[in-house]
Amino acid sequence: YLQDATCLDNLSLEREINCVITAPPYPARFSYVWNTLPHLYFFGYHTSPREPSALDEKALGGTWGDATYKLMRERVAVEHISVAKHISPIADQFREEDPLAANYLIKYFNLITRHLMELDKLAQRNFRVAYMVGSAELGGSLINTGQLLGSILDDFGAGCGKLRVFLLPLL
């Protein structure tokens, strides 16, 4: 399914799903769009030069072209109370010296939180999600993705009642 994982309202499934296994990019400002650009054109996903840039603006690891420009000039707003609680203090440490890293970190966890909220809408009984996550260096500091994501999930508690999430740390 070719779908934005942070907005599943228009997703049309032929049958129920009960499991999602995903390995989101590390929070290290690595653009998968930039690195797969030839493939995106070759397989016909993109036909114009603006399409990859627009995708990178929405992507979890988006840091190429306009995506970087926007992250540098505008403060990214926190979208969820858990992101404010667990991620904002870390981003604030970066803000003065590296606003790009601060904004990127907020964007990264905003999008992961959106993904979880969207999956909860789809969740049936015994629905499981496995996130394979690894830590990364950002702005000269180690970002422990699994620990931070675990803290966000703890805040969700019963709010993601149908969703059972497993964090599988990568070494």
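Please refer to the structure higher up on the page.
Numbers given for residues are sequential positions, taken from 1 along each chain in its written order. Only residues with pLDDT of at least 70 get local features here, since the model is predicted, and only at 80 or more are side-chain atom pairs given and counted; chain-wide, interface and lining totals rely on the full set of residues. Based on all heavy atoms of the structure, the side-chain values leave hydrogens and waters out of the count.

1. Describing the side chain of Glu118
Which entries qualify depends on this criterion: A run of H or I in DSSP becomes a helix once it reaches four residues, and a run of E becomes a strand once it reaches two; helices and strands are each numbered from the N terminus. Contact definition: two residues touch when any of their heavy atoms are within 4.5 Å.
Mapped onto the elements of the fold, Glu118 is located in helix α7 (residues 99-122). In this structure, Glu118 is in contact with Ala5, Thr6, Cys7, Leu8 and Asp9, ignoring residues within four places of it in sequence.

2. Here we look at the pattern of salt bridges
Convention followed: Each reported salt bridge corresponds to a side-chain nitrogen of Lys or Arg within 4 Å of a carboxyl oxygen of Asp or Glu. Note on exposure labels: buried denotes an accessible area under 20% of the residue type's maximum, exposed denotes more than 50%, and partly exposed covers the range between, all computed with a 1.4 Å probe on protein chains only.
Counted by the stated rule, this structure contains 6 salt bridges. Lys121 is paired through a salt bridge with Glu118; the nearest N and O atoms lie 2.8 Å apart. With Lys121 and Glu118 both in helix α7 and 3 residues apart, this pair spans about one turn of that helix. Note on Lys121: relative accessible area 54%, which makes it exposed. Each member of the salt-bridge network shares a partner with another, and the members are Asp9, Glu118 and Lys121.

3. Some points on helix α6 (residues 88-95)
Let me state the cut-off plainly: For this quantity, the arc is that covered by the directions from the helix axis to the C-beta atoms.
Looking at α6, one finds that the buried residues are Ser88, Ala91, Phe94 and Arg95. What you see down the axis of α6 is that its buried residues fit within an arc of 115°, all on one side. Contacts from the buried residues of α6 go to α5 (81-86), α7, β3 (136-138) and β4 (141-143).

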